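Coordinate inspection notes
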Amino acid sequence: MKKVLILPGDGIGPEIVAEADKVLSRVAELHGLDIERDYGLIGGASIDEHGIPLTEDTLERARGSDAVLLGAVGGYRWESLDISVRPEKGLLGLRAGLDLFANLRPAILYPQLAEASTLRPEVVAGLDIMIVRELTGGIYFGQPRGIRTLDNGERQGFNTLVYSESEIERIGRVAFETAQRRQGRLCSVDKANVLECTELWREVMTRLSAEYPDVTLSHMYVDNAAMQLVRAPKQFDVMVTTNMFGDILSDCASMLTGSIGMLPSASLNANGQGMYEPIHGSAPDIAGRGIANPLATILSVAMMLRHSLDAAGAAEAIERAVSRVLDQGLRTADIHSPGTQKVSTAEMGAAVVAALG
Ligand code: NAD
């Protein structure tokens, strides 16, 4: 039996997670999967109930689960709180508490939605990139850090970019193994011409490649990678990079697809335990109106089945069902265009359930 902790969160979180939960139930039934589900609070919902965005009890239950499915956190109501107790701290607490060092963010453009991108359809149609971002190290966590006052009275801000060989190696292995399951091409992105830390990054990736002869490794400087992502994005299969470079490049890649409501993500630790969530936020501007797109969360369930629940067949079934629903011309408001049929969050969820068979 596998255990999943479901944390709907705030804003549109409960609406989109409710649909994803129905899809999970149906796919489990169809594929004979034994999945126990537990529910909890995170973010603003947890602040309202317990005064903090992530309780020790929720973290413990997350640790005891094979996977966590999360909606989104945050909203206007909690914006005036001190930064140390804001809803977003709940997410950071889960990432740190579960040691989720590998962030997988696919940028997939369903051919049916090629017109939704800001790039020309022929540049992006069929786009299918996986960005593997290191999530718990690098300049976002390096010490020392801060703002100090120099002898001359001027203030100086400083951060530290630091990666140990073992940190590079473990994210490298996730990336090589991901490439093995896809087209076998891995592009490691660094700034090895300027930063010693990423010179080591390049060296470790190159050394690892000897263990993965079925994967073709290439290297690219981050500035070029940013340019290539908008020039000819289909050249990439899997990209692996540091925390900060990955933060920026994955947002850039996701927008190639033009549809923030479509993209899932996974954050994994060394045991294959993971947290799965859509890349978008809690969209407080549309919360409670039944118009949010649930597909990113539904596709997060597919990633969860593949990476943490050992059920690749069920994952593919969900991805096929989503494609079928798009073929039928069903669209939530964010991806709606003339000639397609506008549906609500619940109608979209029900259509995916029906398309599963
Ligand atoms: P957002 O992603 O919530 O919304 C950006 C825009 O996209 C909004 O116009 C929203 O209506 C739209 N949108 C987002 N998801 C959608 C969906 N599924 N269907 C249709 N439209 C969708 O980003 P934001 O407005 O910058 O942030 C809102 C709140 O979410 C903030 O409190 C922020 O801190 C939080 N946030 C949380 C996460 C997370 O939980 N992982 C990520 C980003 C932002």
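Thresholds applied
- Residues numbered from 1 in each chain as written.
- Predicted model: local features only at pLDDT ≥ 70, side-chain atom pairs only at ≥ 80, totals over all residues.
- Heavy atoms only, no water.
- Helix = DSSP H or I, 4+ residues; strand = E, 2+ residues; numbered from the N terminus.
- Rg over C-alpha atoms; globule rule 2.2 N^0.38 Å.
- Buried < 20%, exposed > 50% of the residue type's maximum accessible area, 1.4 Å probe, protein only.
- Contact = heavy atoms within 4.5 Å.
- Areas by Shrake-Rupley, 256 points an atom, 1.4 Å probe, with all protein chains shown as cover.
- Lys, Arg positive; Asp, Glu negative; His and termini not counted.
- Charge placed at Lys NZ, Arg CZ, Asp CG, Glu CD.
- Arc of directions from axis to C-beta.
- Salt bridge = Lys/Arg side-chain N within 4 Å of Asp/Glu carboxyl O.
- Near = heavy atom within 4 Å.
- Polar contact = N/O pair within 3.5 Å; in protein donor to acceptor, adjacent residues only side chain to side chain.
- 1 Å grid on protein atoms, 1.4 Å probe; cavity = no way out; pocket = protein on both sides within 12 Å on 5 of 7 lines; lining within 4 Å.
- Points joined across faces, edges and corners; volume = space filled by probe spheres on them.
- Nonpolar A, V, L, I, M, F, W, Y, C, P; charged D, E, K, R; others polar.
- Domains from an automatic or database assignment.
- Buried area = accessible area lost by both parts, 1.4 Å probe.
- Phe/Tyr/Trp six-rings, centres within 6.5 Å; stacked < 30°, edge-to-face > 60°.
- Pairing = 2+ DSSP bridges.
- Right-handed = clockwise from strand over helix to strand, strands pointing away.

1. Overview of the overall build of the protein chain
Across its full length, the protein chain carries twelve helices and 14 strands. Radius of gyration (C-alpha) of the protein chain: 20 Å, near the 21 Å computed for a compact globule of 357 residues. Its C-alpha atoms give the protein chain principal-axis dimensions of roughly 60 × 50 × 40 Å. Relative to its 357 residues, the protein chain shows a buried fraction of 51%. Expressed as a percentage of contacts within the protein chain between residues at least 6 apart in sequence, the contacts between residues at least 24 apart total 75%. Within the structure as shown, the protein chain displays about 15400 Å² of accessible surface, and the carbon and sulfur contribution to it stands at 51%. Within the protein chain, the 46 negative side-chain charges are centred at a point lying 3 Å from the centre of the 33 positive side-chain charges.

2. A look at the side chain of T297
With respect to the helices and strands, the residue T297 is situated in helix α10 (residues 295-307). In this view, T297 contacts I16, V17, A20, L69 and P278; residues no more than four positions away in its chain are not counted.

3. Concerning helix α4 (residues 88-97)
Considered for burial, the residues of α4 that qualify are G90, L91 and L94. For α4, the angular spread of buried residues about the axis comes to 100 degrees, placing them on one side. Buried positions along α4 lie against β1 (2-9), α3 (56-63), β3 (67-72) and β12 (274-278). Positive phi shows up at D99, right after α4, with a value of about 55 degrees.

4. Considerations on the pattern of salt bridges
Counted under the stated rule, the structure contains 21 salt bridges. A single network of salt bridges, built from pairs that share partners, joins E165, E169, R173, R207 and E211.

5. Side note on the site of the ligand
Around the ligand sit 20 residues, and of these E88, G281, A283, D285 and N293 come closest. Measuring from an oxygen atom of the ligand, one finds a backbone N or O atom of S282 at 3.1 Å. Taken by itself the ligand offers 810 Å² of open surface, and the protein chains cover 68% of this.

6. So, the layout of surface pockets
One simple way to see leftover space: roll a probe sized like a water molecule over the atoms. The volume enclosed by the largest pocket comes to roughly 650 Å³. What lines the largest pocket is a set of 29 residues, among which L91, L92, R95, R133 and E277 lie closest to the centre. Among the secondary structure elements, those contributing two or more residues to the lining of the largest pocket are β3, α4, β4 (102-108), α9 (243-256), β11 (264-268) and β12. Looking at the lining of the largest pocket, the element that brings in the most residues is α4, giving six residues. For the lining of the largest pocket, the per-class residue count stands at twelve nonpolar, eight polar and nine charged. Lining the lining of the largest pocket are residues from two domains, each supplying at least three of them: domain 1 (1-109 + 264-357) and domain 2 (118-257).

7. Brief notes about the domain arrangement of the protein chain
According to the domain assignment, the protein chain contains domain 1 (1-109 + 264-357) and domain 2 (118-257). Placing a centre on the C-alpha atoms of domain 1 and another on those of domain 2 gives a separation of 25 Å. If you look at the interface, domain 1 gives 16 residues, while domain 2 gives 23 residues. The contact between domain 1 and domain 2 buries some 1700 Å² in all, and 60% of this surface belongs to carbon and sulfur atoms.

8. So, the side chain of S65
Turning to its location among the elements, S65 is positioned in the loop between α3 and β3. In contact with S65, other than residues within four places in its own chain, are K3, V4, L5 and Q273.

9. Concerning the packing of aromatic side chains
A full pass over the atoms with the stated rule returns two aromatic pairs. Taking 4.7 Å as the distance between ring centres and 10 degrees as the angle between the ring planes, the aromatic pair formed by F176 and Y212 counts as stacked. Taken together, the residues F176 in helix α6 (residues 165-181) and Y212 in the loop between α7 (196-209) and β9 (216-221) connect sequence positions 36 residues apart. By the burial criterion, F176 is buried, and Y212 matches it.

10. Focus on the pairing of β1
A large share of β1 lies buried, amounting to six of its eight residues. Examined bridge by bridge, β1 and strand β2 (residues 35-39) share five bridges and lie parallel to one another. For I6, the partnering residue across the bridge sits in β2 and is Y39. As for the winding sense of the linkage, the β-α-β connection from β1 through helix α1 (residues 13-31) to β2 is right-handed. As paired elements, β1 and β3 share five bridges and run parallel to each other. From the neighbouring strand, I6 faces β3, where its bridge partner is L69.

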